[in-house]
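Fold and contact review
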Amino acid sequence: MSDANAKLAGQESGARPGRLRLILLILVSVAALGGGLVAAVGPSRIMALAGLGGGDAPQAEAAGEAHDTAPEEMRAALAADPARMAMPFEEIIVNITATTVSGRQTSRFLKLDLALVYDSTAPDAARLEERRIYMRDSFQDYLRTLDERDLRGSLGLSELKSELLRRARAVSGGEAPREMLVSDMIVQ
């Protein structure tokens, strides 16, 4: 009789066990999807996309906006400022990893044509030409560690440019390098 009373009390209060299970199932599903997204993309990228992450995201976005200008505008900007010089690199072709739809790891080719824009009036600018081969080697070391997912979208391109610029400054030993220009980037 106590079971019948409990069912009657549940019906009178309007609570239905099926509805509670459905709500719990939806909450668990949303939490699992959010956890999967964080695991796939990484917590730092989620924070950057949400606008909550570290101080590097706004700088990377600002750097990306500066690089999105047309080649004619870039040539005009270089011509207007005689202190700015461009140092092109030979094309770089490296293998990067990729994951197929079935989850299997495979290899892809990344072809990259780069140019380094630097300030010729900086005290360390004279060393850039003699350090060019070491910069190229440093770029290749970094590029070989990339995954195809690292290059997706404008955020991926911005992070690529900022990392290459950081390496150029480290190898040159100064602040003469100002920005990296990517004229061609092909993933095949």
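These remarks concern the structure in this document. (Residues numbered from 1 in each chain as written. Predicted model: local features only at pLDDT ≥ 70, side-chain atom pairs only at ≥ 80, totals over all residues. Heavy atoms only, no water.)

**Here we look at the environment of F89**
Within the fold, F89 resides in the loop between β1 (84-88) and β2 (92-99). Here the alpha-carbon distance between F89 and D113, two residues 24 residues apart in the chain, equals 6.9 Å. (Helix = DSSP H or I, 4+ residues; strand = E, 2+ residues; numbered from the N terminus.)

**Comments concerning the environment of R108**
By the secondary structure assignment, R108 is in strand β3 (residues 105-119). Residues R108 and Q188, 80 residues apart in the sequence, show an inter-C-alpha distance of 5.6 Å.

**A closer look at helix α7 (residues 153-172)**
Here α7 spans 29 Å end to end across 20 residues, near enough to the 28 Å set by a 1.5 Å rise per residue. For α7, the full list of buried residues reads G156, S158, L160, K161, E163, L164, L165, A168, V171 and S172. Within two residues after α7, G173 carries a phi angle of roughly 80 degrees, on the positive side. (Expected span 1.5 Å × (residues − 1). Buried < 20%, exposed > 50% of the residue type's maximum accessible area, 1.4 Å probe, protein only.)

**Some thoughts on the nonpolar core**
Within soluble globular proteins, side chains that are nonpolar tend to cluster in buried spots. L114, L116, M135, F139, L143, L160 and L164 are the most contacted members of the largest nonpolar core, which has 26 residues in total. At the level of elements, β2, β3, α6 (132-143) and α7 are the ones that each hand at least two residues to this core. With sequence-adjacent residues up to four places away left out, F139 is seen in contact with F89, I92, L114, L164, R167, A168 and M180. (Core = buried A, V, L, I, M, F, W, Y, C linked by side-chain atoms within 4.5 Å. Contact = heavy atoms within 4.5 Å.)

**Describing the packing of aromatic side chains**
One pass over the full model with this rule turns up one aromatic pair. On the basis of an interplanar angle of 70 degrees and a centroid distance of 5.3 Å, the ring pair of F89 and F139 is categorised as edge-to-face. With a gap of 50 residues between them, F89 in the loop between β1 and β2 and F139 in helix α6 connect regions that are remote in the sequence. Just as F89 is buried, F139 falls in that class too. (Phe/Tyr/Trp six-rings, centres within 6.5 Å; stacked < 30°, edge-to-face > 60°.)

**Focus: the pattern of salt bridges**
Inspection of the entire model under this criterion finds nine salt bridges. R166 is the partner of E163 in a salt bridge, and the nearest nitrogen-oxygen pair spans 2.6 Å. Here R166 and E163 lie together in helix α7, a separation of three residues that amounts to about one turn. Residue classification places E163 among the buried residues on the basis of a relative accessible area of 17%. Put simply, E163, R166 and R167 are held in one network by salt bridges that share partners. (Salt bridge = Lys/Arg side-chain N within 4 Å of Asp/Glu carboxyl O.)

Geometry only, nothing functional implied.
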